[in-house]
Amino acid sequence: MEYRSLGRTGVQLSPLCLGAMMFGPWGNNDVADSIRIIHRALDSGINFVDTADVYSGGASEEIVGQALEGRREDVFLATKFFMPMNEDDPNQRGGSRRWIIREVENSLRRLNTDYIDLYQVHRPSPDTDVEETLGALTDLVRQGKVRYIGSSSYSGSQIVEAQWASRERNLERFVTEQPPYSILTRGIEEDVLPTVQRHGMGTLTYSPLAGGWLSGRWRKDSASTPTSSARPSARFDMAKPANQRKLDVVEELAQLAGQSGLTLIELAIAFVINHPGVTAAIVGPRTMEQLESYLPAADIKLTTDVLDRIDQLVAPGVTVNPDDNSYGAHELTPKARRR
């Protein structure tokens, strides 16, 4: 497996990152099996694991912590904060200094580690000054509890604002962005990816299979249901014309994959990591079988003809169903757009 530079940090990472969202009650509640999957990923050459405090209410972090016992120094470990950890307490969430300083200790304990390689803001907040968040994260870096900091699902303008604030205030800067990206969800190509590249950041994309759409689970002759309640239902509502369009595209992609000697899964993941602006694609297996189906994609180079055909099916910069985007939601709410 060829390793790639994480932006300008000098850190070398595998092109596949093991996402841990499915380890725990949200997906695979068999702890021993989840640990086996993590160990198989590490043995295959993956040196990058990504999780979040909110995944299964902290259970994912605990499982990852158990799995990395004795192997911690071999892994670049990333986690995230921001999502509500207690629905009844409005202060157990967000990007405030108060919450960040408290929650990092919880993640360190659950992960059974003294430091986090990459600590990421799970979502931007319209109600919190970015300098508040960056200031707290800077303190964690200086204390040695965090090595690098990153953002997730930030728009291009939010990325620029954070970079500017870091330089203006002499704060640690985000060295990564984690956006959604797949053949069906190409919105980041228009603005986010070029912005990240200009600022020398790493891009860690999630949902390369578009929440299962590109795994073969959703086909015209075989309707399915999401494997996790964490996925928004709007992305799978077959009454929506955009989702019917996705079914049409998936059929064409399945044929293209077969003609190219690939599985649909291999084509989808290879498409993501073939983009020069992408550092790694986050794959989130629930089973060992799923992990094994993802691994070959790390070594696949798509030809120009295949990439051109994909562009004909889904134009660059286009997201077939806007509900699949995970950024920009605050700007488009009725309250924000009313004049």
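This section reports on the structure supplied with the text. (Residues numbered from 1 in each chain as written. Predicted model: local features only at pLDDT ≥ 70, side-chain atom pairs only at ≥ 80, totals over all residues. Heavy atoms only, no water.)

## Notes on the pattern of salt bridges
Then step 1. By the definition in use, this model includes 15 salt bridges.
Then step 2. A salt bridge links D139 to R97; its shortest N-O distance comes to 2.8 Å. Residue D139 is located in helix α4 (residues 130-142), and its partner R97 is located in helix α3 (residues 97-111); the two are separated by 42 residues in the primary sequence.
Then step 3. Of the charged contacts in the structure, one is a salt bridge between E131 and R169, with a shortest N-O distance of 3.3 Å. Taken together, the positions of E131 in helix α4 and R169 in helix α5 (residues 156-169) put the pair 38 residues apart, joining distant regions of the chain.
Then step 4. Taking relative accessible area as the criterion, E131 reaches 24% and is therefore assigned partly exposed.
Then step 5. On the basis of relative accessible area, R169 is assigned to the partly exposed category, the value being 49%.
Then step 6. Look at the salt bridges and you will find they share partners, linking E61, E103 and R110 into a network. (Salt bridge = Lys/Arg side-chain N within 4 Å of Asp/Glu carboxyl O. Helix = DSSP H or I, 4+ residues; strand = E, 2+ residues; numbered from the N terminus. Buried < 20%, exposed > 50% of the residue type's maximum accessible area, 1.4 Å probe, protein only.)

## Digging into unusual backbone geometry
Peptide bonds are trans in most cases, and residues, glycine excluded, mostly fall at negative phi.
Then step 1. Its identity as a non-glycine residue notwithstanding, S56 has a phi of 55 degrees, on the positive side.
Then step 2. Locating S56 in the fold gives a position in the loop between β4 (48-50) and α2 (59-67).
Then step 3. The backbone of N170 sits at a positive phi, close to 60 degrees, despite the residue not being glycine.

## Side note on the environment of V249
Then step 1. Structurally, V249 is set in helix α7 (residues 241-259).
Then step 2. The exposure class assigned to V249 is buried, which follows from its relative accessible area of 0%.
Then step 3. Between the C-alpha atom of V249 and that of I310, which follows or precedes it by 61 residues, the distance is 9.3 Å.
Then step 4. If sequence neighbours within four positions are ignored, V249 has contacts with L184, L313 and V314. (Contact = heavy atoms within 4.5 Å.)

## Describing the packing of aromatic side chains
Then step 1. Throughout the structure, instances matching the rule amount to six aromatic pairs.
Then step 2. Pairing F81 with Y119 gives two aromatic rings, centres 4.8 Å apart and planes at 40 degrees, and the pair type is tilted. Of the two residues, F81 is situated in strand β5 (residues 76-81) and Y119 in strand β6 (residues 116-121); the sequence distance between them amounts to 38 residues.
Then step 3. Three or more aromatic residues joined by ring pairs form one cluster here, namely F48, F76 and Y148.
Then step 4. The ring of Y115 has R72 sitting right over it, with the charged end atom 4.3 Å from the ring centre.
Then step 5. Above the plane of the ring of Y115 lies R147, whose end atom (NZ or CZ) is 3.9 Å from the centre. (Phe/Tyr/Trp six-rings, centres within 6.5 Å; stacked < 30°, edge-to-face > 60°. Lys NZ or Arg CZ within 6 Å of the ring centre and 35° of its normal.)

## Here's the deal with the environment of A162
Then step 1. Tracing the sequence through the fold places A162 in helix α5.
Then step 2. For A162, a relative accessible area of 1% puts it in the buried group.
Then step 3. Each C-alpha atom of the pair A162 and L134 lies 8.1 Å from the other, and the pair is 28 residues apart in sequence.
Then step 4. Ignoring sequence-local partners within four residues, the contact set of A162 consists of V130, L134 and F174.

## Some remarks on the pairing of strand β10 (residues 280-283)
Then step 1. Side chains of β10 alternate between two faces, with A280 and I282 and A281 and V283 buried alike.
Then step 2. Note: strand β3 (residues 16-19) against β10, three bridges, orientation parallel. When the sheet's bridge partners are listed, C17 is paired in β10 with I282.
Then step 3. Where strand β9 (residues 202-205) meets β10, two bridges bridge the pair, whose relative direction is parallel. Paired with L204 across the bridge in β10 is A280. (Pairing = 2+ DSSP bridges.)

## Details of the pairing of β9
Then step 1. Residues G202 and L204 of β9 are buried on one face, and the alternating residues T203 and T205, pointing to the opposite face, are buried as well.
Then step 2. Bridging between strand β8 (residues 174-178) and β9 involves two bridges; their strand directions are parallel. Pairing of E177 across the sheet is with T203, part of β9.
Then step 3. A crossover connection joins β8 to the parallel β9 through helix α6 (residues 192-198); in handedness this β-α-β unit is right-handed. (Right-handed = clockwise from strand over helix to strand, strands pointing away.)

## Here's the deal with the sheet that holds β6
The strands making up a sheet associate through hydrogen bonds between their backbones, and the pairing can be parallel or antiparallel.
Then step 1. Spatially, the eight strands close up into a barrel ordered β3-β4-β5-β6-β7-β8-β9-β10, and their pairing is parallel. Taking each pair of neighbouring strands and ignoring which way they run, the sheet shows an average axis angle of 30 degrees.
Then step 2. Both β6 and strand β7 (residues 146-152) contribute to a ladder of five bridges, which runs parallel. Its bridge partner lying in β7, Y119 is registered against I149.
Then step 3. The strands touched by α4 within the sheet are β5, β6, β7 and β8, with β7 carrying the most contacts at an inclination of about 155 degrees. (Axes fitted to C-alpha atoms, helices over the stretch in contact; angles between N-to-C directions.)

That's the geometry; what it means functionally is another story.
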